[in-house]
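Fold and contact review
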Amino acid sequence: MRVLRIISSMNPALGGPGQGIRNMIPALEQLGIANEVVCLDDTKANFITKSPFTIHALGEANNPWSYHPQLLPWLKEHLLRFDAVIVHGLWLYHGFAFYKALKILQKEGKLIPKMYVMPHGMLDPWFQRAEGRKLKAIRNWVYWKLIEQKVIHAAEGILFTCEEELRLARETFRPYAPKRELNVGYGIQPPPLRSKEMETAFYQQCPEVQDSPYLLFLSRIHVKKGVDLLIKAYLYLKKEGLTLPKLVVAGPGLETTYGKEMIQLASVDKDIVFPGMLSGDAKWGAFYACEAFVLPSHQENFGIAVVEALACGKIVLISDQVNIWREIEAGKAGIVEPDTYEGMVNLLKRWYKAQKDGVTENAQTTFLQYFSVEEAAKRFENTLNSLNSRPSQDTHTGPSFSLQNRLLRLIWGIAALLFFRYSPRPLHAWRAFCLRIFGAKVGKGVHVYPKVKIWAPWNLELGDECGVGDGATLYSQGKISLGKRVVISQGTHLCAGTHDYTKEGFPLITKPIRIEDNVWVAAEAFVHPGVTIGEGAVVGARSVVTKDMPAWMVCAGHPCKPIKPRVIT
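Cut-offs applied
Throughout this document, residue positions are counted from 1 along each chain, in the order its sequence is written. Owing to the predicted nature of the model, reporting of local features is limited to residues with pLDDT of at least 70; listing and counting of side-chain atom pairs is limited to 80 or more, with chain, interface and lining totals taken over all residues. Excluding hydrogens and water, the side-chain values take into account all heavy atoms of the structure. Helix numbers and strand numbers start at the N terminus; a helix is a DSSP run of H or I with at least 4 residues, a strand a run of E with at least 2. Should DSSP find at least two bridges between two strands, the strands are regarded as paired. Accessible area is worked out with a 1.4 Å probe on protein chains only. A residue is then buried under 20% of its type maximum, exposed over 50%, and partly exposed in between. For Phe, Tyr and Trp, where Trp contributes only its six-membered ring, two rings pair if their centres lie within 6.5 Å, and the inter-plane angle classes them as stacked under 30 degrees, edge-to-face over 60, or tilted in between. The angle between two axes is taken between their N-to-C directions and runs from 0 to 180 degrees, where each axis is a line fitted to C-alpha atoms and a helix contributes only its stretch in contact. We call two residues contacting when some pair of their heavy atoms lies within 4.5 Å.

Looking at the environment of Leu90
On the secondary structure map, Leu90 appears in the loop between strand 4 (84-88) and helix 4 (93-107). For the pair Leu90 and His120, spaced 30 residues apart in sequence, the C-alpha separation works out to 8.4 Å.

As structure tokens, then:
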């Protein structure tokens, strides 16, 4: 399966969504789900050029809406290469651009990939209710009415990172009627093992706390994060006589008006330190050496830093507006209080009394249970698969497909027998005409021979000048796409349907097969559901293709593996 992710920016300084994508992609690749990203960033940025996975950066969009003139043409050209598309985030041009591309391709009769939206907390009612956001709330309401609700309602499903985010999204806008609400979870890679180099890097950036215990806040310095509540509560409790560790307030945003206000607020106590943004070894050194992690946000969709702290074995002190607070409480891995001044005072008091008894084990156990990237990737894969299966069906006692589908296949079977199977071999244009009548997308000069078995023509897309040999089976329970000049030799079986043998009802699962331009699949090969064969590849005779094959490689075997490059002379 091939997934495209559309996001306004992958800049790590912006936190959240981009970092979440970076965490998830390696684990998804291990499950056979290939990912590419298109974004509106500088093509020469380090986080683009050094990315281990494919990022299509189209250049910076230097305007508030993140409009970029190249995005819509890029989507129209490339969308059909993918089996699923995920739009990350709301309120910016990239979501609208995808919606426009979707409608254009639908009008052209293309078989478009399934679309999902991952709002990353941007449907949280806090954004509409918070003081100081009234004009933005009005803007969002207007934008919802004109544009965003169309994007949400066109999607196959809305993907949420936790149950709390899913629940809160229902409160914010009307009308709100997504086709599906899906809690796919979220995860991060396990942190690197603790090393002396990490602590050295951190203390070089924050020497004020070397050899001293400290509490750690690590996030953007922004009003949404509740930094003012934390500093005020910390100052109050120290004034009341509590011997608290030092407080490290780390993250970007110190140059903003709010950041400068926080520095001024904390200036009465030298134990409050602002080291700026931490990354790499310095960030992990800060996590490993701290006494506890604190995040008093007024709104926090997932809180990657919270999960990173858990992974490092640290108790987390959070507000009940961090949406994963239920999982934290269930795992007894932290302390939760309201996002108020009184709540922050109680948060620090409770931690001061409890200290660290047993929390390391609870923190790491909670991380593994709820937030490891491997578990999150499996949930994501299962969610995508479940959308193609029929969970209520029992294939032992009932049909896998609707009555309409079965009637269409009956009509096609009769038509194929009368007009297709026994047609003279040279009449390729006639057979292409028959396939088009039954909904196939057939290019110019296509050669489909008469003894080809086709399960459902309406799930086929055949590119210009491709050929399918006698005895081949196109088992198109799911979508099968053949690119330009693809050759499918005699006896080959392309199977786009399977069953979930882990379920009692043995439900059907359909997964698309995509064979890109200039591929040759030799005689009697078998291609599994969900496979993509890259441009120019060759698949040897009787190979069994169970996973994606790379472009311009000669591949063969059981299971099929790349052997050598294909060189055109």
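Overview of the sheet that holds strand 29 (residues 538-539)
Taken together, seven strands build an open sheet; the order of strands is 15-18-21-26-29-31-32 and the sheet is mixed. Only two strands of the sheet have a single partner each, and these edge strands are strand 15 (447-448) and strand 32 (560-565). With two bridges joining them, strand 15 and strand 18 (residues 467-468) adopt parallel strand pairing. Note that in strand 18 the partner of Val448 across the bridge is Val468.

Section: the pairing of strand 2 (residues 34-39)
Of all six residues making up strand 2, six are buried, and the element is well covered by its neighbours. Looking at chain direction, strand 1 (residues 2-6) and strand 2 are connected through five bridges and run parallel. Across the sheet, the residue bridging to Ile6 is Val38, located in strand 2. Bridging between strand 2 and strand 3 (residues 54-57) involves four bridges; their strand directions are parallel. Note on strand 3: the bridge partner recorded for Val38 is His56.

Topic: the packing of aromatic side chains
All chains considered together, the criterion is met by 23 aromatic pairs. Aromatic pair Trp65 and Tyr143: ring centres 6.5 Å apart, planes at 80°, arrangement edge-to-face. Of this pair, Trp65 sits in the loop between strand 3 and helix 3 (71-78) while Tyr143 sits in helix 6 (residues 134-154); the two residues are 78 residues apart in sequence, bridging distant segments of the chain. Under the relative-accessibility criterion, Trp65 is labelled partly exposed at 28%. Assessed through its relative accessible area of 14%, Tyr143 is described here as buried.

Thoughts on the sheet that holds strand 11 (residues 292-295)
Each strand in a sheet pairs with its neighbour through backbone hydrogen bonds, running either in the same direction (parallel) or in the opposite one (antiparallel). Strand order across the open sheet formed by six strands is 10-9-8-11-12-13, with parallel pairing between neighbours. Unpaired on one side and paired on the other, strand 10 (272-276) and strand 13 (334-337) mark the two borders of the sheet. Each neighbouring strand pair of the sheet contributes to a mean axis angle of 20°, computed without reference to strand direction. Taken together, the four bridges between strand 12 (residues 316-319) and strand 13 define a ladder with parallel strand orientation. From the neighbouring strand, Ser319 faces strand 13, where its bridge partner is Glu337. Here helix 11 (residues 280-289) sits on the sheet and contacts strand 8 (214-218) and strand 11; the angle it forms with strand 8, its principal contact strand, is near 135°.

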